[in-house]
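Descriptive structure summary
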Amino acid sequence: MSGSPQPHYQTLYRACIKDTASQGAELMRSTLARALHALPQAAAGLEDVVERGLLQDAVEVLRERQQTLIDAFPQALLTEFAHAIAGDRGSWLSFESLALLGDEQMQDNADLVRACGALEEAVRPELLELENTLVSAQLTPEGAAQRHPLRPEVYVRSVHRLARHSPVSPAVRRRWVRHLPLLMAPELARTYAAMEQRLRPQDAASTPQPPARQEDVDRATQLTIRELRKLMEGDPADGAARARRAGAVFAETEFSQTVPAALQMVQDMRKVDQLVLQLRQRQAAMPGTERDSLEAFREALRREAKQPAQALGLEVVHLMIANLAADPRLLPPVRALVREIEPPLLRLALADPRFFSDRSHPARRLLQEITQHSLAWSSPQEPGFPAFMDSLQQATDALLDARANGPEAFEIALLALQDAWDEAQPRGRRNRERAVRALIRAEQRNLLAERVGRELLKRREALGAPAEALAFLTGPWAHVLAQARLTDLAAQEDPGGYGWVATTVLWSVQASLAGHVANQQVQMVQRIRQGLASIDYLPADTQRWLHLLAALRDLALSATPASAERIARERGPERVSTWLAPLEMHESGYVPDTPMPLAAGNTPEPDTLPVQDLAVGSYVDLLAGGWERWQLTWASPHGLLFMFTNAAGATRSMTRRKLDQMLSQGAVRLVSAHPVVDGALDAVARAAWRNSL
């Protein structure tokens with residue numbers, strides 16, 4: 001299959017997700033029928049009397065609430081699908097949440113992880129076939145072939161959501177989550193098989209294999225959740241004590257007789273900097289030995305770590321860097337650079353454990369800035385990327401050459417990077433600020449214009465007015481009235497006299513009222529021109545509205561066939577849900593909305609799948625002839641307008657309606673909804689959870 005985007009498959013995929021959610025009731029019906037047959041037998045076979053009684057109670061409550069659960073499951077599925085589509089990290093397994101979990105939450109998470117593993121194992125053949133097809137059709141999130149919204153984990157989370165919102169005891173809820181997911185495996189397997197057939201690309205000569213599954217990668221470490229929690233909950237004072245003992249960590253030991261020559265200087269913390277420099281020199285002189293050198297360095301630090309927290313810190317850093325270096329969203333030069341700064345991060349983990357628990361720690365912020373900024377480019381050949389890598393390399397060199405053992409060197413490197421980026425794009429920063437100001441003005445005017453339009457429609461004289469006249473008054477003229485109110489400093493009752501125009505237009509287009517304002521037409525036309533000019537309305541569109549209003553007036557004064565034919569010929573400008581002035585559109589790179597029908601009642605049926613909410617900071621690929629990388633850098637206070645920025649500092653803005661439309665058509669592809677470093681640490685937490693079962 002070619003690498004070109006195929007929105008057809010994206011639309012079909014969304015249809016499949018909606019259909020799957022709508023079939024959730026039947027899936028839950030079959031699951032509960034199987035549960036009510038199998039669980040009593042399972043309870044009877046339990047030797048633990050207490051557990052037997054608890055499971056029997058859970059079965060009885062399940063029987064009582066059977067229909068309620070069946071009816072509620074489709075909505076629970078739809079909600080979890082929406083969270084997954086939006087790139088939800090799954091806060092119940094996030095790295096930051098570990099220190100906040102109580103004993104009951106720990107047990108709940110363990111049950112969820114165990115249920116996810118059991119369900120995934122039961123449907124693995126069908127799941128692999130579906131994931132192969134999703135990869136072939138380019139429907140999986142970039143860099144995360146198994147993070148699609150239909151994965152078994154999302155079904156388990158849906159069951160958990162259903163149980164959590166049911167009025168049952170924690171004991172009952174916990175046993176539902178433990179047993180129900182695996183019992184839905186036969187239906188879920190059939191769902192996957194049917195969807196794979198529906199989504200399989202017709203022109204796929206060969207189906208690519210997805211990357212290794214995360215649980216297979218997790219087996220490379222033995223880190224457990226208990227150990228990780230101890231590291232996260234460590235006493236801050238203990239870090240200072242470890243720093244004072246740093247020299248002792250690298251005291252003379254038998255290890256110094258066995259390490260490679262490049263590591264012979266590991267005698268105390270002050271000389272680790274020299275070790276890093278020597279390591280870099282060896283890598284430069286002997287290409288291909290970088291991995292061996294890094295592994296030797298890690299092993300040296302592991303052997304010399306005297307405190308359990310130090311060994312755990314080294315393991316977390318290594319896993320985090322391994323996750324980042326394997327993330328395909330990061331370009332190869334960036335992944336290589338991340339590997340390059342692993343030694344100073346390992347050194348820091350021994351002396352300053354705040355790196356893991358403090359999001360504002362300079363080392364974590366530096367790593368996050370490097371990885372997040374790099375997502376602005378989708379290829380090393382794109383303009384600006386070589387200069388970006390030069391700034392990264394200079395900051396990295398300064399970090400590796402530093403002699404400090406704490407966060408100071410990372411702080412200096414971070415400030416240097418931020419200064420370099422600010423100097424490189426002063427024009428881009430000014431463009432963004434100008435665009436934001438224009439969009440804020442536009443949102444304020446549009447919101448007020450919408451309210452003004454509703455007020456106009458409630459007026460008695462609007463009841464018999466033609467739809468075309470109402471379209472003018474609730475469209476461009478409502479913006480004129482809103483702009484006049486926003487700029488009026490004298491608190492006038494009718495600023496600009498534009499309210500009089502609305503009344504005159506309504507009277508002039510109705511046969512019973514037109515004669516009363518026939519002598520005011522010249523003044524009305526002048527005031528309309530003046531008002532539309534105040535919002536920079538295009539003169540050509542102004543003229544079209546005036547022609548249409550004149551035709552409506554003539555028809556009201558003399559209802560002849562000629563007047564009716566003239567109405568059919570005269571058409572006003574196309575209406576949009578959100579209107580921006582030409583200068584506002586230019587300053588913000590505005591992508592126009594799809595025109596709306598002139599009269600209400602012909603709007604298409606909305607997409608029943610919840611819209612994907614993008615968080616500010618998310619990186620996406622937008623389809624415009626080809627895929628282009630943009631970052632969502634601003635959302636208006638009322639969620640009406642969104643602004644994207646690319647690596648060159650250019651801006652592109654659009655309404656929520658336009659963004660939702662592009663999402664549903666597959667013209668927006670999510671790259672990253674959360675910081676890449678957060679995802680790497682979350683993967684460490686997930687590995688620890690799986691290793692703890």
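To be clear, the structure that these remarks concern was listed above.
Report follows, based on the coordinates.

Cut-offs applied
- Residues numbered from 1 in each chain as written.
- Predicted model: local features only at pLDDT ≥ 70, side-chain atom pairs only at ≥ 80, totals over all residues.
- Heavy atoms only, no water.
- Helix = DSSP H or I, 4+ residues; strand = E, 2+ residues; numbered from the N terminus.
- Contact = heavy atoms within 4.5 Å.
- Pairing = 2+ DSSP bridges.
- Axes fitted to C-alpha atoms, helices over the stretch in contact; angles between N-to-C directions.
- Expected span 1.5 Å × (residues − 1).
- Buried < 20%, exposed > 50% of the residue type's maximum accessible area, 1.4 Å probe, protein only.
- Arc of directions from axis to C-beta.
- Phe/Tyr/Trp six-rings, centres within 6.5 Å; stacked < 30°, edge-to-face > 60°.
- Lys NZ or Arg CZ within 6 Å of the ring centre and 35° of its normal.
- Patch = residues over 30% accessible without salt bridge, like charges linked within 9 Å, V, L, I, M, F, W, Y side chains within 5 Å.
- Areas by Shrake-Rupley, 256 points an atom, 1.4 Å probe, with all protein chains shown as cover.
- Salt bridge = Lys/Arg side-chain N within 4 Å of Asp/Glu carboxyl O.
- Lys, Arg positive; Asp, Glu negative; His and termini not counted.
- Charge placed at Lys NZ, Arg CZ, Asp CG, Glu CD.
- Polar contact = N/O pair within 3.5 Å; in protein donor to acceptor, adjacent residues only side chain to side chain.
- Core = buried A, V, L, I, M, F, W, Y, C linked by side-chain atoms within 4.5 Å.

**Re the environment of serine 534**
Within the secondary structure layout, serine 534 lies in helix α27 (residues 521-534). Separated by 51 residues in the primary sequence, serine 534 and glutamine 483 place their C-alpha atoms 8.0 Å from one another. Not counting the four nearest positions on each side in its chain, serine 534 is found in contact with Val480 and Gln483.

**Observations regarding the sheet that holds strand β1 (residues 619-624)**
Sheet architecture is open: five strands sit in the order β4-β3-β2-β1-β5, paired in antiparallel fashion. Both edges of this open sheet fall to β4 (651-655) and β5 (668-672), since each of them pairs with a single strand only. Averaged over all adjacent pairs, the angle separating strand axes in this sheet is 40°, with direction ignored. The sheet contact formed by strand β3 (residues 641-645) and β4 spans five bridges and is antiparallel. Residue pairing across strands places threonine 645 opposite threonine 651, the latter belonging to β4.

**As for α27**
Two residues of an α-helix separated by three or four positions point the same way, owing to the 3.6 residues in each turn. Taking 1.5 Å of rise per residue, 14 residues should cover 20 Å, and α27 covers 20 Å from first to last C-alpha, within 8% of that figure. Listed as buried for α27 are Gln521, Met524, Arg527, Ile528, Gly531 and Leu532. End-on, the buried residues of α27 take up no more than an arc of 130°, which puts them together on one face. When the buried face of α27 is taken as reference, the exposed residues oriented beyond 90 degrees from it are Val522 and Gln526. Among the structural elements, α24 (467-474), α25 (476-487), α26 (498-508) and α28 (539-557) are those in contact with the buried residues of α27.

**Some words on the packing of aromatic side chains**
Per the counting criterion, the structure on display carries nine aromatic pairs. Counting every residue linked through ring pairs, the aromatic cluster contains Trp377, Phe385, Phe388 and Trp421. Geometry around tryptophan 627 places arginine 669 over its ring, the cationic atom sitting 4.1 Å from the centre.

**Details of a positive patch on the surface**
On the surface, a cluster of positive charge is contributed by Arg427, Arg429, Arg430, Arg434 and Arg437. By secondary structure assignment, the location of arginine 437 is in helix α23 (residues 426-457). Residue classification places arginine 437 among the partly exposed residues on the basis of a relative accessible area of 49%.

**Points about the side chain of serine 508**
With respect to the helices and strands, serine 508 occurs in helix α26. Taking relative accessible area as the criterion, serine 508 reaches 3% and is therefore assigned buried. In terms of polar contacts, serine 508 uses its side chain to reach the backbone carbonyl oxygen of valine 505, at 2.9 Å. Beyond its immediate chain neighbours, meaning those up to four positions away, serine 508 contacts Ala514, Val517, Gln521, Met524, Leu552, Arg553 and Ala556.

**Let's talk about the pattern of salt bridges**
Across all of its chains, the model carries 33 salt bridges by this definition. Salt-bridge contacts for arginine 157 lead to glutamate 153; the nearest nitrogen and oxygen are separated by 3.1 Å. Here arginine 157 and its partner glutamate 153 are both found in helix α7 (residues 152-164), four residues apart, which amounts to about one turn of the helix. Residue arginine 157 shares its accessibility class with glutamate 153, and that shared class is buried. Between arginine 553 and aspartate 554 there is a salt bridge whose closest N-O contact spans 3.2 Å.

**Topic: the pairing of β4**
Of all the five residues making up β4, five are buried; the element is thus mostly covered by neighbouring parts of the structure. Neither face of β4 is left uncovered, since the one carrying Thr651, Ser653 and Thr655 and the one carrying Arg652 and Met654 both have all their residues buried. Here β3 folds back onto β4, and the loop between the two strands holds five residues, one of which, glycine 649, carries a positive phi near 95°.

**Points about the nonpolar core**
In a soluble, globular protein the nonpolar side chains are often hidden away together inside. Ranked by size, the top nonpolar core spans 65 residues in total, and within it Leu228, Val316, Met320, Leu324, Leu345 and Phe356 carry the most contacts. Counting residues in hydrophobic clusters, the runner-up holds 53 residues, among them Tyr13, Ile17, Phe73 and Ala185.

**Comments concerning the pairing of strand β2 (residues 626-635)**
Sheet faces and side chains relate simply in a regular strand, where the side chains alternate between the two faces. Bridging between β1 and β2 involves six bridges; their strand directions are antiparallel. When the sheet's bridge partners are listed, alanine 624 is paired in β2 with glycine 626. By the bridge criterion, four bridges tie β2 to β3 in an arrangement that is antiparallel. Note that in β3 the partner of leucine 632 across the bridge is phenylalanine 644. In this antiparallel pair of consecutive strands, β2 and β3, the connection spans five residues, and glycine 639 shows a positive phi of 70°.

**With respect to the environment of alanine 137**
Structurally, alanine 137 is set in the loop between α6 (124-136) and α7. Residue alanine 137 is classed as buried on the basis of its relative accessible area, which comes to 3%. Expressed as a C-alpha distance, the spacing of alanine 137 and proline 201, which sit 64 residues apart in the sequence, is 6.2 Å.

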